[in-house]
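Structural features, examined
One-letter residues, chain by chain:
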Protein chains: 2
Amino acid sequence: MNALAEAAPAAERIVVPVALAERSYDILIGRHQLCEAAQVIASRFPGARAAIVTDTNLATLHAPALESCLQQAGVTATRLTIPPGESSKSYARFSELCDGLLAAKIERNDLVIALGGGVVGDLSGFAASVLRRGVRLVQIPTSLLAQVDSSVGGKTGINSSHGKNLIGAFHQPALVVCDTALLDTLSEREFKAGYAEVVKYGLIDDAAFFDWCEVNWRRVMEGGPERDHAVATACRAKAAVVARDEREDGDRALLNLGHTFAHALERLTRYDSARLVHGEAVAIGLSLAFRFSQRLGLCSGQDAGRVAAHLAAVGLPTRLQDVPGGAGTASDIVEAMTQDKKVKRGALTFILAHGIGKSFIAPGVATETAHDFIESELVERI
Amino acid sequence: MNALAEAAPAAERIVVPVALAERSYDILIGRHQLCEAAQVIASRFPGARAAIVTDTNLATLHAPALESCLQQAGVTATRLTIPPGESSKSYARFSELCDGLLAAKIERNDLVIALGGGVVGDLSGFAASVLRRGVRLVQIPTSLLAQVDSSVGGKTGINSSHGKNLIGAFHQPALVVCDTALLDTLSEREFKAGYAEVVKYGLIDDAAFFDWCEVNWRRVMEGGPERDHAVATACRAKAAVVARDEREDGDRALLNLGHTFAHALERLTRYDSARLVHGEAVAIGLSLAFRFSQRLGLCSGQDAGRVAAHLAAVGLPTRLQDVPGGAGTASDIVEAMTQDKKVKRGALTFILAHGIGKSFIAPGVATETAHDFIESELVERI
């Protein structure tokens, strides 16, 4: 053991296993886990070389620390950077990245390390899934959104002019490392946006966790054990759903709570993060999903009110009117929803709820029903 | 049943099952199977829409017949065409095809039908594997090479400037239809090239089939029951290997008999089909694999001689000197081999043989050993 590793003893961590038979893997959660991650990589994948994929922002912020840890652990690594932002999830960046990984001589037993937010994870995960028909992927998510959502479960992909994430693969990572200290550098807006996905897990099937969130959200933002607990609870919930339904043939669709609305709003704001980021769209989507459930007589107004009140207290948007520049008419929103890949033979699928922690998949919702609800939202809440 | 179907009763066919648990599928083999295929599609995938991907040559030759059969069977189909030739296995055509499939509103439960040779199958199979993270694929191979090799087993992919098939996926088809009457329109050169892959199965582990080939090859070319038998034997052999080792972690590498050499030769001739097509490169590769085995004292000269003699009798190339314009020096060839994705940590993997039908995987062959052998081939056989 060298001096640096001695000086910084491994911090406490939570290990959440994802049970997927021969594709099983662990999620390590805790503060200051980069060197721990490097040790795990060195011991689990002996002899493997690594390509770190990151964006030009994180290349300065976190990549040097990871590289130093990998070097200490004896893992040879090269770095590939992509421009930050959703526009990197394109065919052009995909082909560039694949060629970059080939130029870096990444072979079948080597690995790709995605060090970044959802964009880095989705793009480099997709590239890893098709490089030489599949190489190992290690996810080291640097945003809260990526730690609790996109880095776990194996969904990877890029966007097409026809919509978001329409081209991609299910490619489970070999390891996920959620270093919660990396989140200290996030902007408040970015942290809050990720927090919407944390709350989502309580709303899906864990009312007690939603109660906990209402009490503890400030401490989650500040860091410390509550943050680790929130990330671990979210990862555990996601892992359980993914283990039951890896390829989203059934139950996994529950994770889309709020997302039919959210994807439509992102589409209508042209994925312009100045106007709306994914987590903000999800916050509005969650609120709408509960109010839609209320309107359909499925859920109490009290529960729908609690959902919106908590998200608003945190500082997240909860109404269509909160979309800067507006989200368009009810018809625009319904039209945008029908473009989503979750459409089956023209009918809309929503995740609705009988109450907090009681969500369910509602396929075959008539577009007229959705249209009427959205119209009422636009009218009533001006 | 309508008049046309009555007028053309379904021809005899062989059904070869590929056993891959929930990814199992059938290969239908026989003459005039397009309408049969359409019926099977309609009954197995009720309500699914189809996108036929084909090339501009086959769009005239075979697509109208398939479309008519699908229409009779009640399957809605649209057609997408790509330019013929290896250059279509590119990032650019891949993204165009994905967008074309999205524009055709192919959803998760719909299917992509690859009607063509290896290029169409590999490109559209890859697109199907990543479209909405995976839609069903039906392979209707129109070349002998595709019928006995690329359409079965789920390998899909495109080329990079770094090499062939370096970007792709394992995506098993939902159905493969080998209509052996479609092969009547192949040129003699193209048919013979595909025949090299047929012979390969005998050489791998079925000496009796190689004996049969020596006797029956002319009738395979002419059509009739011998052609169906050859295609079925090849598909059955490939299906058995794929069932044992879907993702090429072990045994499946046996299918690469002759291919370490073949890929290098294709690379060195810049994939210029005017000089060398894949099957011709395989014919040379098979001959070289057996002579290499002979040189290493593994295989008798008699067996190595029989392999080359049969391929030459058919009219296939068997020597490096048969490559039009030359294949380069021994160093060029070894260098080209090290670019192949089957390289593991720098060591070369060959498929060698103890005799006809007795092939095995030989990992870790020193590049010097290969170099010396190739040099002897270039010297002795001028």
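These figures come from a predicted structure and were not determined experimentally.

Thresholds applied
- Once a new chain begins, its residue numbering starts again from 1 and follows that chain's sequence as written.
- Both sets of labels track the order of writing: A upward for chains, 1 upward for ligands.
- Predicted model: local features are reported for residues with pLDDT of at least 70 only, side-chain atom pairs are reported and counted for 80 or more only, and whole-chain, interface and lining totals are derived from all residues.
- Calculation of side-chain values draws on the structure's entire complement of heavy atoms; hydrogens and water are dropped beforehand.
- What sets the superposition is a least-squares fit of C-alpha atoms, and only residues with pLDDT of at least 70 in both copies go into it.
- Every residue pair with non-hydrogen atoms within 4.5 Å of one another is taken to be in contact.
- As annotated, the domain borders come from an automatic or database domain assignment.
- For any pair of parts, buried area is found by adding up, for both, the accessible area (1.4 Å probe) each one loses once the two are put together.
- Put simply, a salt bridge is a Lys or Arg side-chain nitrogen that is within 4 Å of an Asp or Glu carboxyl oxygen.
- Any pair of N or O atoms that falls within 3.5 Å is considered a polar contact. Within protein, one atom must be able to donate a hydrogen and the other to accept it, and sequence-neighbouring residues count only if both atoms are side-chain atoms.
- Counting from the N terminus, the helices are the DSSP runs of H or I reaching at least four residues and the strands are the DSSP runs of E reaching at least two.
- What makes two strands pair is DSSP finding at least two bridges between them.
- Only the stretch in contact is used when a helix axis is fitted, and all axes are lines through C-alpha atoms; the angle between N-to-C directions ranges over 0 to 180 degrees.
- As a per-residue measure, pLDDT reflects the predictor's confidence and takes values from 0 up to 100.
- Relative orientations are named as follows: roughly parallel for angles under 35 degrees, roughly antiparallel for angles over 145 degrees, roughly perpendicular for angles from 65 to 115 degrees, and oblique for any other angle.
- Crossing handedness is read from the near helix: turned anticlockwise from the far helix by less than a right angle, it gives a left-handed crossing, and turned clockwise, a right-handed one.
- Given the number of residues in a helix, its expected span is that number minus one, multiplied by 1.5 Å.
- Burial classes: relative accessible area under 20% of the type maximum marks a residue as buried, over 50% as exposed, and values in between as partly exposed (1.4 Å probe, protein chains only).
- Handedness of a crossover is defined as follows: orient the strands so they point away from the viewer, and if the path from the first strand over the helix to the second runs clockwise, the crossover is right-handed.

**Quick word on the relation of the copies chain A and chain B**
Under the fitted operation, chain A is carried onto chain B by 0.0 Å of movement along the axis and a turn of 180°, and the coordinates agree to an RMSD of 0.0 Å. The transformation just described matches what one would write down for a two-fold rotation axis. Relative to the rotation axis, the closest C-alpha in chain A is found at Y91 of chain A, a distance of 4.0 Å. The overlap is high: 100% of the interface residues of chain A also sit at the interface in chain B, so the same surface is used on both sides.

**Details of the domain arrangement of chain A**
Residue and element names in this part refer to chain A. Split into domains, chain A comes out as domain 1 (3–185) and domain 2 (189–380). A separation of 26 Å is found between the C-alpha centroids of domain 1 and domain 2. In this complex, domain 1 contributes 34 residues to the contact, which on the side of domain 2 involves 31 residues. Around 2,700 Å² of area is buried between domain 1 and domain 2 when both sides are counted, 61% of it from carbon and sulfur atoms. Per-residue buried area on domain 1 facing domain 2 is highest for L144, V148 and F170; these three make up 22% of the total on that side. The interface formed by domain 1 and domain 2 holds 5 salt bridges in total. The salt bridge involving E246 is made with R23; its shortest N-O contact spans 2.5 Å. The tally of links between domain 1 and domain 2 comes to 12 residue pairs in polar contact (both at pLDDT 80 or more). Put simply, the parts of the chain that give the side of domain 1 that touches domain 2 at least two residues each are β1 (14–18), β2 (25–30), α7 (144–150) and β8 (163–170).

**Concerning the interface of chain A and chain B**
Opposite the 41 residues of chain A that make contact, chain B presents 41 residues. Between chain A and chain B the total buried area reaches about 3,400 Å² when both faces are included, carbon and sulfur atoms providing 49% of it. Linking chain A with chain B are 0 salt bridges. Between the two partners, chain A and chain B, sit 12 residue pairs in polar contact (both at pLDDT 80 or more). At the level of secondary structure, the elements contributing two or more residues to the side of chain A that touches chain B comprise α5 (91–103), α6 (118–130), β7 (155–160) and β8 of chain A.

**Observations concerning the sheet that holds strand β5 (residues 111–116) of chain B**
By way of backbone hydrogen bonds, the strands of a sheet pair with one another, either parallel or antiparallel. Residue and element names in this part refer to chain B. The mixed open sheet is built from 7 strands, whose spatial order is β1-β2-β9-β6-β5-β3-β4. Strand pairing shows two members of the sheet lacking a second neighbour, β1 (14–18) and β4 (77–82), which therefore form its edges. Looking at each pair of strands side by side, their axes are set apart by 20° on average, direction ignored. Two elements, strand β6 (residues 136–141) and strand β9 (residues 175–179), share 2 bridges in a ladder whose sense is parallel. Each residue of the ladder has a partner; that of Q139, found in β9, is V176. Sheet strands in contact with helix α2 (residues 34–44) are β2 (25–30), β5, β6 and β9, and its direction is about 165° off that of β9. Relative to the sheet, helix α6 (residues 118–130) contacts β3 (50–55), β4, β5 and β6, its axis offset from that of β5 by approximately 165°.

**As for the confidence of the model for chain A**
Caution applies to low-pLDDT parts of the model: their predicted coordinates are not meant to be read in detail. When pLDDT is averaged along chain A, the result is 93; 95% of the residues meet or exceed 70. Across residues 1–7 of chain A, where pLDDT falls below 50, the model places 4 contacts with residues more than four positions away in sequence or in other chains.

**Here's the deal with the packing of helix α8 (residues 188–205) of chain A against helix α9 (residues 207–222) of chain A**
Residues and elements named next belong to chain A. At a minimum axis distance of 7 Å, the contact between α8 and α9 shows a crossing angle of 160°. As judged from the angle between their axes, α8 and α9 are roughly antiparallel. Helix-helix and strand crossings are classified by hand; for α8 and α9 the assignment is right-handed. When α8 is examined against α9, the residues F191, K192, Y195, V198, V199, G202, L203 and D205 are found in contact with a partner set consisting of A207, F209, F210, C213, W217, V220 and M221.

**Observations concerning helix α10 (residues 225–244) of chain B**
Residues and elements named next belong to chain B. Between its first and last C-alpha, α10 extends 28 Å over 20 residues, near the 28 Å set by a 1.5 Å rise per residue. Listed in full, the buried residues belonging to α10 are R227, D228, A230, V231, A232, T233, A234, C235, K238, A239, V241 and V242. Here the buried face of α10 lies against β1, β2, α7 (144–150), β9, α8 (188–205) and α9 (207–222).

**A short note on the sheet that holds β2 of chain A**
Residue and element names in this part refer to chain A. The strand order across the open sheet built from 7 strands is β1-β2-β9-β6-β5-β3-β4, with neighbouring strands paired in mixed fashion. The open sheet is flanked by β1 and β4 (77–82), the only strands paired with a single partner. Between one strand axis and the next, the sheet turns through 20° on average, direction left out of account. Along the sheet face, helix α2 (residues 34–44) touches β2, β5 (111–116), β6 (136–141) and β9 (175–179) and points at about 165° away from the line of β9.

**Comments concerning the pairing of β6 of chain A**
All names here are of chain A. The element β6 is extensively covered by neighbouring structure, given that 5 of its 6 residues are classed as buried. Inspection of the sheet shows β5 paired to β6 by 6 bridges, in the parallel sense. Of the residues in β6, the one forming a bridge with A114 is Q139. Considered for its hand, the β-α-β crossover made up of β5, α6 and β6 is right-handed.

**Describing the pattern of salt bridges**
Inspection of every chain in the model, using the stated rule, returns 46 salt bridges over all chains. Here D211 of chain A and R306 of chain A are joined by a salt bridge, their closest N and O atoms 2.7 Å apart. With a gap of 95 residues between them, D211 of chain A in helix α9 and R306 of chain A in helix α13 (residues 301–314) connect regions that are remote in the sequence. Judged by its relative accessible area of 29%, R306 of chain A falls in the partly exposed class. Between D184 of chain B and R31 of chain B there is a salt bridge; the shortest N-O distance is 2.5 Å. Within this pair, whereas D184 of chain B is found in the loop between β9 and α8, its partner R31 of chain B is found in the loop between β2 and α2, the two being separated by 153 residues in sequence. Accessibility expressed as a relative area gives 23% for R31 of chain B, which makes it partly exposed. Because the salt bridges share partners, they merge into one network encompassing E86, K89, D122, K164 and E266 of chain A.

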